[in-house]
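The primary structure of each chain is shown beneath.
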Amino acid sequence: MYDDELAQERSYVHGLYSRLDELRAEKVEQLGEVRRAKSMGTHQNRSERDAFATLYENRLAQLNAVDDKLVFGRLDLDDGQCRYIGRIGLLSEDLRQLMVDWRAPEAGTFYQATAFERLGVRRRRHLLLQGRNVKAIEDDVLDHTMLVEGDQLQGEGALLAALNSKRTGRMNDIVGTIQAEQDRIIRSPLSGALVVQGGPGTGKTAVALHRAAYLLYTHRERLQAAGVLLVGPSNAFMKYIERVLPSLGETGVVMSSVGNLFPGVRATAPESPETAELKGRLRMAEVVANAVANRQRLPREDVRLDVEGTRLILTVRQVRRARDKARALGVPHNEGRVTFVKTLLRELTEQLREHIESAGAGNNADRSYLAEDVRSSHDVRVMLNLCWMPMTAEKLIDDMFSKPEILEAVTPGFTPAERELLLRSPGARWSESDVPLLDEAAELLGEMDATGGRAQASVESQRKRDLANAEKAIDNMNQQLEDSGVDGILTAEQLADFNIVEAASQTSAERALTDRSWAYGHVVIDEAQELSPMQWRLLVRRCPVKSFTIVGDIAQTSSSSGAMSWRDALTPFMGERWTMEELTVNYRTPMQIAEAAVRMANAAGQIVSAPKAVRDGDWEPIIDRVPAADVVKHVVAMMPKETAAVGGGLVAVITPAAMVREVTAALRVVYGTRIGHGAGSLEQDIVVIDPHEAKGLEFDGVIIVEPATLLSDAKGRVGDLYVSMTRPTQRLRLVTSQPLPAGIEA
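Residues numbered from 1 in each chain as written. Predicted model: local features only at pLDDT ≥ 70, side-chain atom pairs only at ≥ 80, totals over all residues. Heavy atoms only, no water.

- Looking up the protein in an unreviewed UniProt entry gives the name AAA family ATPase, with the organism given as Arthrobacter psychrolactophilus.

And the structure:
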């Protein structure tokens, strides 16, 4: 019976892949037709063709991304229907439903049905694919009347197979093995802020990613234009998860680490925990506002200005009045400068006119040139810039941190020690905690037109020239146009538009990446417990409707500016408009290792949620005590045993940040290119990383170097060590020359 069922499933799945290939070929042909026609037609027609090209490209990208494990489930229902569940929905050429998208409401029962609450499902079948072939099937029979002699009930097999598979350095989706607890959270309503609290191994990240895909499917019309932003803790993490959403049929999500959220800035500079904590406080918003106000200055005394040989006086009172007028508008700094400059130029021009007339010139003479004389005066331009300088966010923050006199002026109430933490050299690289300050500054400064409006004037002037040239061309080609059947319906505007060299079309996600002011429809944040108040302020600005999925574990907080409770983190920004769900099952970490991590955290005074582990491991945590001089050599010596124990799977050496290079160099002497370190090396056989980079990742085996140092580096917070201990799916070894933190040993 099993062989017959397997053959039937193989035949059906072969048909699904055939249909997938047909749809791909169809989109390739449609895209080719659009591209071949792109250089012809009116501007409107070309815009329409660009839209069709984008549509076909996106659909083709989706069809290409879902090839692996296209279908994974089947439901046999009480009404006799048989429903296949897969990564996307598929229809036959005559519109028969061949496969249901996992996100569709009718697919929900695949994840939610149980023997106690069948929801109309008699049998749930898992299809285990290898390439395009069904290698095995497993059934959960929920209706006992289907059980006959010889049947085998094999529930949970697909889940355990996925949990026991080797890690690859890239996260895989869990679309075929989503559990009921996870599915309920994934399908939660869009509106409001949803906090997903879960201990290590509970699938928080997987839930966050699948929720993003679900929301885009369910609320496509609302979210496609505004987009979804997915924020993770590090570049290594973003690389680790980057393939998941495309495999789920979604390619339009904007994915960014916190350090890359300000366009044009890649924050990589290291920073002390004390400095990061200080920059993360909400009071820094007031500091940035002070820095902006500091660039709206009054001269100490009245100033003499030379305008074409005439001496004018710019008074402190005039500058104050112009500044107050500009500030009263409530507009950003660079926009307010326009009013400030216009006010003073008008007053100086009037002063110049009065001076000339008082010198005996005729009152009826043309004075229109005076305004330009004032505007172009070197003295006037210098003074106006000194009083109200146009400014970029990067320039404002760099000056604030590199010039002690400015820093002191904008940080009233700060201690000398706090100012010392903030000071740095001019032009220093940006750190992750600088990004919210840059964003705050950009919000207060607004856009800067360094040309004073001349750029827009140049565009308008070029447009006039293009129209004039187009009119001449039409006059010269009148007869040819009539002979071609155009018969005069081509206008100068259409011809000018036709000759515009257009930028390549961009998706919403691509545009959002370069637009700081983009307002997203939904934001998903992973490892959210690490965010500082200023980082929360930035993210709330990115989504004014406050539609968030917030994923994390308070017990894993290791950042000095991170949250100690969700209420403390969210209340300043969300008020009471947030709800919390908790994941209670640990799917990743073997029971022995999970229990050791919880004991360590509890012994250090941190109360952590202890999700139930679904499986026992083969090993207790292994503890090696060695002299300090031999720690690195011992790690190298133990590596063959570790890689063999996990069957050649992925092994991570998690070490204090100060030891990463030393450990990497020692391992490379023996293992060469098999060793990687830091972000971007997760596809190596062995990777050396620090605890910050390890957040959200998982490995077959983990070696932790000097666990006590991880605690001391984090000023006693258990987050770094707790995270490190809960990364392995099979085996954990701790190498220490110091007393082991309490609780690890039972």
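Here the narrative resumes.
Some points on a positive patch on the surface
In step 1: Together, Lys325, Lys342, Arg346 and Arg375 make up a positively charged patch on the protein surface.
In step 2: Along the polypeptide, Arg375 turns up in helix H14 (residues 369-376). (Patch = residues over 30% accessible without salt bridge, like charges linked within 9 Å, V, L, I, M, F, W, Y side chains within 5 Å. Areas by Shrake-Rupley, 256 points an atom, 1.4 Å probe, with all protein chains shown as cover. Salt bridge = Lys/Arg side-chain N within 4 Å of Asp/Glu carboxyl O. Lys, Arg positive; Asp, Glu negative; His and termini not counted. Charge placed at Lys NZ, Arg CZ, Asp CG, Glu CD. Helix = DSSP H or I, 4+ residues; strand = E, 2+ residues; numbered from the N terminus.)

What to know about the sheet that holds strand E3 (residues 90-91)
In step 1: On the basis of which strands lie adjacent, the open sheet formed by six strands has the order E3-E4-E2-E1-E5-E6 and mixed pairing. The sheet terminates laterally at E3 and strand E6 (133-141), the two strands that pair on one side only.
In step 2: One ladder, built from eight bridges, connects strand E5 (residues 121-130) with E6; its direction is antiparallel. Note that in E6 the partner of Gln130 across the bridge is Asn133.
In step 3: Contacts from helix H1 (residues 2-36) reach strand E1 (71-77), strand E2 (82-86), E3, strand E4 (97-101), E5 and E6 within the one sheet, and its direction differs from that of E6 by about 120°. (Pairing = 2+ DSSP bridges. Contact = heavy atoms within 4.5 Å. Axes fitted to C-alpha atoms, helices over the stretch in contact; angles between N-to-C directions.)

A closer look at unusual backbone geometry
In step 1: In this structure, Leu95 takes a positive phi of about 70° despite not being glycine.
In step 2: With respect to the element layout, Leu95 can be found in the loop between E3 and E4.
In step 3: Since its relative accessible area comes to 66%, Leu95 is described here as exposed.
In step 4: Phi at Glu308 is positive, roughly 50°, even though this residue is not glycine.
In step 5: Following the sequence through the fold, Glu308 ends up in the loop between strand E10 (303-307) and strand E11 (310-314).
In step 6: Overall, Glu308 belongs to the exposed group, its relative accessible area being 63%. (Buried < 20%, exposed > 50% of the residue type's maximum accessible area, 1.4 Å probe, protein only.)

Comments concerning the pairing of strand E17 (residues 622-625)
In step 1: Side-chain alternation along E17 places Ile622 and Asp624 on a buried face and Ile623 and Arg625 on a face that remains uncovered.
In step 2: Judged from the four bridges that link them, E17 and strand E22 (residues 728-736) form a sheet pairing that is parallel. Within E22, the position partnered with Asp624 by the bridge is Val735.

Thoughts on the sheet that holds E17
In step 1: One open sheet accounts for six strands, arranged E17-E22-E21-E18-E20-E19; its pairing is parallel. The sheet is open, and its two borders are formed by E17 and strand E19 (675-677), each paired with just one other strand. On average, each strand axis in the sheet is inclined to that of its neighbour by 20°, with strand direction left out of account.

Focus on helix H19 (residues 435-445)
In step 1: The buried fraction of H19 amounts to nine of the 11 residues, a majority that puts the element mostly inside the structure.
In step 2: Buried residues of H19: Val435, Pro436, Leu437, Leu438, Asp439, Glu440, Ala441, Ala442 and Leu445, and no others.
In step 3: On its buried side, H19 packs onto helix H10 (273-279), helix H11 (283-294), helix H13 (333-358), helix H16 (393-402) and helix H24 (533-542).
In step 4: Note on H19: the residue one or two positions beyond its end, Gly446, has a positive phi of about 75°.

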